[in-house]
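So the chains spell out like this:
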Amino acid sequence: MGGNLSFTADADSIAEPGKKSVLCEGIDGADADKLFMAFNKFVRDGKTASGKESNFAVTDKDGGVQAIHQYDIPAAFGGGSWKMGYFYKFDAPARRLEVSSFHTEAQLDANTPGAKGTFVVHADPVRIEFWNELNEVRSAGPVLKGMMEHMLRKFSVTAEVKTDQPSIGAPDEKSVLSDPITDGDVTIADYFDKIKAVLVDEHGATELPDGTVIEDRSGIQELFSDAKSFAKHTYNTEERYTKVYEYGDDESLSVVRSITTMRLHADPFRVEMWNTTQPGRVATETELKFAKPFIEKVLKFMQEEM
């Protein structure tokens with residue numbers, strides 16, 4: 001069972017005709033209902049932990065299962081910790097599992113997931129499909145704080161950086177915001193040039209002729225998971241902001257998953273950052289790379305422990 005599985009990205013959805021899904025076929029000898037039960041037990045038994053957490057907990061909540069993952073952030077990236085989580089909702093009659101992803105503690109507290117993934121187990125023949133619905137959610141948590149602090153300390157800036165602060169340009173929104181910058185060897189005029197130099201010289205990024213910078217962030221991402229991560233940095237020096245287009249593990253830079261905006265403010269000089277996920281249904285190679293190992297682990301768990 002599951003020895004020769006076939007996975008296809010952007011396949012025609014069985015559950016929702018006219019839409020796209022990742023489709024897993026070739027599950028010979030499996031019972032659809034038992035397979036769905038294996039998904040349930042796999043999650044409840046805490047098998048979704050990555051092994052890189054400093055703390056991990058699984059609890060029953062609101063008719064589903066919540067898994068909380070907490071990671072330590074290295075001192076080089078500001079220190080502290082990052083808490084995120086998943087809420088798993090099982091619909092046994094439909095053999096449908098919905099997985100809401102909360103990428104920050106603020107999203108957890110507000111119950112506003114950044115994305116919702118869906119697995120459906122089909123019978124006759126037994127197949128599994130998966131897709132992800134990305135929600136437009138703004139975040140300003142400890143990971144962004146760590147990124148900002150990492151750069152500021154490179155420039156000997158001691159200003160404190162705070163998460164979830166009212167945005168200077170839109171007070172109803174939240175941002176990561178530095179205190180006024182009064183020391184260090186950087187100015188508002190050369191800030192972006194110095195960031196580019198760090199990205200290229202120390203992070204191994206590539207600057208293109210138009211000034212855009214392409215960055216492989218996999219080294220940072222591997223602190224929390226095994227996934228790769230790629231980004232494209234664009235700069236508007238006249239209006240003093242940069243946008244970082246983030247593509248997850250899509251090395252072709254085809255589908256934008258989120259955009260991080262950094263804006264510089266004058267009088268006093270401060271740095272502001274926030275991230276916004278891009279909405280829409282996706283079933284690309286990125287989803288396949290998530291669904292494939294997850295499904296394979298569930299099938300192995302089913303064979304060995306059920």
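Residues numbered from 1 in each chain as written. Predicted model: local features only at pLDDT ≥ 70, side-chain atom pairs only at ≥ 80, totals over all residues. Heavy atoms only, no water.

Undergrad: I keep staring at the overall build of the protein and nothing clicks. Help me out?
TA: Within the protein, the regular secondary structure consists of six helices and 18 strands. Computed over its C-alpha atoms, the radius of gyration of the protein comes to 21 Å, within 12% of the 19 Å expected for a compact globule of 306 residues. Considered along the principal axes of its C-alpha atoms, the protein spans approximately 65 × 40 × 30 Å. By residue count, 46% of the 306 residues in the protein fall in the buried class. In the protein, the proportion of contacts linking residues at least 24 apart, taken out of those at least 6 apart, comes to 48%. Each charge class in the protein was averaged separately, 35 positive and 51 negative side chains, and the resulting centres sit 2 Å apart. (Helix = DSSP H or I, 4+ residues; strand = E, 2+ residues; numbered from the N terminus. Rg over C-alpha atoms; globule rule 2.2 N^0.38 Å. Buried < 20%, exposed > 50% of the residue type's maximum accessible area, 1.4 Å probe, protein only. Contact = heavy atoms within 4.5 Å. Lys, Arg positive; Asp, Glu negative; His and termini not counted. Charge placed at Lys NZ, Arg CZ, Asp CG, Glu CD.)

Undergrad: Sorry, what's going on with the packing of aromatic side chains here?
TA: Any pair of aromatic rings gets described here by the distance separating the centres and the angle formed by the planes. Across all of its chains, the model carries 16 aromatic pairs by this definition. Ring geometry for Phe-119 versus Phe-294: centroids 5.2 Å apart, planes at 25°, classification stacked. With Phe-119 in strand 7 (residues 115-122) and Phe-294 in helix 6 (residues 285-305), the pair connects residues that are 175 residues apart, well separated along the chain. Here the aromatic cluster, defined as three or more aromatic residues joined through ring pairs, consists of Phe-39, Phe-42, Phe-119, Phe-130, Phe-290, Phe-294 and Phe-301. Over the aromatic face of Tyr-245 sits the side chain of Lys-232, whose NZ or CZ is 5.7 Å from the ring centroid. Over the ring of Trp-131 we find Arg-281; its NZ or CZ atom is 4.1 Å from the centre of that ring. (Phe/Tyr/Trp six-rings, centres within 6.5 Å; stacked < 30°, edge-to-face > 60°. Lys NZ or Arg CZ within 6 Å of the ring centre and 35° of its normal.)

Undergrad: Before we go on, may I ask you to explain helix 1 (residues 32-44) in this structure?
TA: Because each turn of an α-helix spans 3.6 residues, side chains separated by three or four positions in sequence point in the same direction. Under the 1.5 Å per step criterion, the end-to-end length of helix 1 is 19 Å for 13 residues, consistent within 8% with the ideal 18 Å. Taken residue by residue, helix 1 has Ala-32, Leu-35, Phe-36, Ala-38, Phe-39, Asn-40, Phe-42 and Val-43 as its buried positions. Of the residues that open helix 1, the one with a side-chain oxygen 3.2 Å from the backbone nitrogen of Asp-33 is Asp-31. (Expected span 1.5 Å × (residues − 1). Polar contact = N/O pair within 3.5 Å; in protein donor to acceptor, adjacent residues only side chain to side chain.)

Undergrad: What should I look at first to understand the side chain of His-233 in this one?
TA: Within the fold, His-233 resides in strand 14 (residues 230-236). Using a relative accessible area of 6% as the deciding quantity, one classes His-233 as buried. A polar contact is formed between the side chain of His-233 and the side chain of Glu-215, at a distance of 2.7 Å.

Undergrad: What's the story with helix 6 in this structure? I'm lost.
TA: In this model helix 6 runs 30 Å from its N-terminal to its C-terminal C-alpha over 21 residues, within 8% of the 30 Å that 1.5 Å per residue would give. Of all the positions in helix 6, only Thr-286, Glu-287, Leu-288, Ala-291, Phe-294, Ile-295, Val-298, Leu-299, Phe-301 and Met-302 are classed as buried. If you follow the buried residues of helix 6, they end up packed against strand 1 (6-12), strand 2 (20-25), helix 1, strand 7, strand 8 (127-134) and strand 18 (280-282).

Undergrad: Help me understand the nonpolar core in this model?
TA: Across soluble globular proteins, you tend to see nonpolar side chains buried next to one another. Counting residues in each nonpolar core, the largest one holds 36 residues, and the members touching the most others are Ile-27, Leu-35, Phe-39, Phe-119, Ile-128 and Ile-295. With eight residues, the top contributor of residues to this core is helix 6. Val-161, Phe-192, Ala-205 and Phe-269 belong to the second-largest nonpolar core, a separate cluster that totals 25 residues. (Core = buried A, V, L, I, M, F, W, Y, C linked by side-chain atoms within 4.5 Å.)

Undergrad: Which parts of the structure should I look at to understand the environment of Ile-181?
TA: With respect to the helices, strands and loops of the structure, Ile-181 is situated in the loop between strand 11 (174-178) and helix 4 (191-201). When the C-alpha positions of Ile-181 and Arg-270 are compared, they lie 5.9 Å apart, and in sequence the two are 89 residues distant. Once you skip the residues sitting within four places of it in the chain, Ile-181 turns out to touch Leu-152, Val-157, Ala-159, Phe-269 and Val-271.

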